[in-house]
Amino acid sequence: MVEQDRKIKRVVIKIGSSSLTSMHGEISRRKLENLANQIVALKDAGYETAVVSSGAVAAGYRKLGCIDRPTSLPEKQAAASIGQGLLMESYSELFLSHGYVASQILITRSDFANENRYNNMKNTLNVLLERGIIPIINENDTITVDRLRFGDNDTLSAKVAALIEADQLIILSDIDGLYDANPNTNPDAKLLDKVREITPEIEAAAGGSGSAVGTGGMKSKISAVKIAMASGIDSFLGKADSENILMDAVTGCARGTYFNQDPEGFNLDNNQQWIAFHSGPEGEVILRPESRASIIEDRKNILPSDILQVKGRFGEGAVVRVMDVDGEEIGLGRMNYSSVKLEETLIEEECERKEAIEQDTFVCSRDFALPVSV
């Protein structure tokens, strides 16, 4: 049994397509009912639950007239437009039979990038959860273009967990956790039951060459876990068809991998989470070489006098990339100057009037070992 650091009350559950579909690629009513019943058991036990669910294309492609799962983007989006309603109808019916109401939320990446929509989404989800509703969340596949996609629902689930300040993110899949080697080729591969830090070795095991778990999407799951851990959220990865997997996951006795960050590790507040994971940087500032260490190591505010060059055009309050002279990204920060005003300040050498970026609105890439703006 894996010891839990605190009592879990708010949970985000990510359900992948493989956890909902039959061997023919269609939605399996048996699998859907099993997971819905487990979610109901969590609700009955007092947990607030949000569900990030794949499966819209699988639910809709036959109704579109396709014999096999479509491969072209227009057909996938058309299938999703049919399947999303059918999938939601199934969830609603199953939850209502137990006295619970489900709601639907479709999200695009731009909803997170726009700070007003981000906050509106947070407020909506909090109201639903506090009223006992079960939000069913998915990417808006019917209209999202590739460059604005999350890439997978693993990433979306981690962002939702951070958004609502969940206690735990549960990622269900067709694999039973993270191994230290490829279990299909290495009989000595061991399941890692608890991980405190995402090391380069763990990332290599998840997505390295020849890794079976990498081809199954483990790399995206580790990226999602990194977002959750940076936000102070524990995660669990386990196999969807394991008996009572959800209740076992929240009580700490499931077979799978628990990701629990060291309590003394870095955690981002909600504002820093938005800067790090959701904002779209609008420009760049290049730091002077002599200022780099004081900002990274000593956690000092970034003054105009620390900035050597400004790139791009942005307004006051915009998020920018903070770079060193060698082109390495140091982090992201919210500017207290517009680009025009900052350039004027540098020319006039009135460099100490106010900070260009304050530390509480700056996220250092090194602290979290992941690229910002995931």
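Going by the structure above, here's the rest.
Residues numbered from 1 in each chain as written. Predicted model: local features only at pLDDT ≥ 70, side-chain atom pairs only at ≥ 80, totals over all residues. Heavy atoms only, no water.

## Quick look at the overall build of the protein
When helices and strands are counted, the protein shows 14 helices and 13 strands. Across the 374 residues that make up the protein, the buried fraction comes to 52%. A total accessible area of about 16700 Å² is found for the protein, and carbon and sulfur atoms account for 47% of it. (Helix = DSSP H or I, 4+ residues; strand = E, 2+ residues; numbered from the N terminus. Buried < 20%, exposed > 50% of the residue type's maximum accessible area, 1.4 Å probe, protein only. Areas by Shrake-Rupley, 256 points an atom, 1.4 Å probe, with all protein chains shown as cover.)

## What about the side chain of Ser90?
Tracing the sequence through the fold places Ser90 in helix 3 (residues 73–96). Once residues lying within four places of it in the same chain are set aside, the contact partners of Ser90 are Arg29 and Leu32. (Contact = heavy atoms within 4.5 Å.)

## Observations regarding the environment of Ala166
Along the chain, the position of Ala166 falls in the loop between helix 6 (153–163) and strand 5 (168–173). For Ala166 and Val12, which are 154 residues apart along the polypeptide, the C-alpha to C-alpha distance reads 6.7 Å. When sequence neighbours within four positions are dropped, the list of residues in contact with Ala166 reads Arg10, Val12, Ala161 and Ile233.

## Section: unusual backbone geometry
Of note, the phi angle at Glu165 is positive, near 55°, even though the residue is not glycine. Inspection of the secondary structure puts Glu165 in the loop between helix 6 and strand 5. On the basis of relative accessible area, Glu165 is assigned to the exposed category, the value being 52%. Unusually for a residue other than glycine, Arg299 sits at a positive phi of about 60°. Mapped onto the secondary structure, Arg299 falls in the loop between helix 12 (292–296) and strand 10 (307–311).

## Observations concerning helix 5 (residues 115–130)
Over its 16 residues, helix 5 extends 22 Å from the first C-alpha to the last, a length consistent with the 22 Å expected when each residue adds 1.5 Å. Listing the buried residues of helix 5 in full gives Tyr118, Met121, Lys122, Leu125, Asn126, Leu128 and Leu129. Along the axis of helix 5, the buried positions cluster into a sector of 165°, meaning they face one direction only. Residues of helix 5 that are exposed and point more than 90 degrees away from the buried face comprise Asn116 and Glu130. The N-capping residue of helix 5, defined by a side-chain oxygen 3.1 Å from the backbone nitrogen of Asn116, is Asn114. Just downstream of helix 5 lies Gly132, where phi reads positive at about 85°. (Expected span 1.5 Å × (residues − 1). Arc of directions from axis to C-beta. Polar contact = N/O pair within 3.5 Å; in protein donor to acceptor, adjacent residues only side chain to side chain.)

## Brief notes about the packing of helix 1 (residues 29–44) against helix 3
Two elements in contact, helix 1 and helix 3, have axes separated by 10 Å at closest approach and are oriented at 45°. Between helix 1 and helix 3, the interaxial angle falls into the category oblique. Relative to helix 3, helix 1 is oriented so that their crossing is right-handed. Residue-level inspection shows Arg29, Leu32, Glu33, Ala36, Ile39 and Val40 of helix 1 in contact with helix 3, the latter providing Ser90, Tyr91, Glu93, Leu94 and Phe95. Its residues assigned to classes, the contact of helix 1 with helix 3 shows seven nonpolar, one polar and three charged. (Axes fitted to C-alpha atoms, helices over the stretch in contact; angles between N-to-C directions. Parallel < 35°, antiparallel > 145°, perpendicular 65-115°, else oblique. Left-handed = near helix turned anticlockwise from the far one by under 90°. Nonpolar A, V, L, I, M, F, W, Y, C, P; charged D, E, K, R; others polar.)

## Structural notes on the sheet that holds strand 12 (residues 329–334)
One open sheet accounts for five strands, arranged 10-9-11-12-13; its pairing is mixed. Unpaired on one side and paired on the other, strand 10 and strand 13 (362–364) mark the two borders of the sheet. Pairwise comparison of adjacent strand axes, ignoring direction, gives a mean angle of 25° for this sheet. In this structure, strand 9 (residues 284–287) lies alongside strand 11 (residues 319–323), joined through three bridges in parallel fashion. Note on strand 11: the bridge partner recorded for Ile286 is Met323. Together, strand 11, strand 12 and strand 13 form the strand contacts of helix 11 (residues 270–278), whose direction differs from that of strand 12 by roughly 125°. (Pairing = 2+ DSSP bridges.)

## Here we look at the pattern of salt bridges
In this structure the tally under the stated criterion is 15 salt bridges. Residues Glu343 and Arg313 are paired through a salt bridge, measuring 3.4 Å at the closest nitrogen-oxygen approach. Of this pair, Glu343 sits in helix 13 (residues 339–348) while Arg313 sits in the loop between strand 10 and strand 11, and the two are 30 residues apart along the sequence. The partly exposed category is assigned to Glu343, whose relative accessible area is 25%. Residue classification places Arg313 among the exposed residues on the basis of a relative accessible area of 54%. Among the ionic contacts, a cluster of salt bridges with common partners joins Lys14, Asp154 and Lys221. (Salt bridge = Lys/Arg side-chain N within 4 Å of Asp/Glu carboxyl O.)

## Quick word on the environment of Val319
Relative to the helices and strands, Val319 resides in strand 11. Note: C-alpha distance between Val319 and Ala276 (43 residues apart in sequence) is 9.4 Å. Beyond its immediate chain neighbours, meaning those up to four positions away, Val319 contacts Trp274, Ile275, Ser279, Gly280, Pro281, Glu282, Gly283, Leu332, Gly333 and Arg334.

Functional significance is not addressed by these values, which are geometric in nature.
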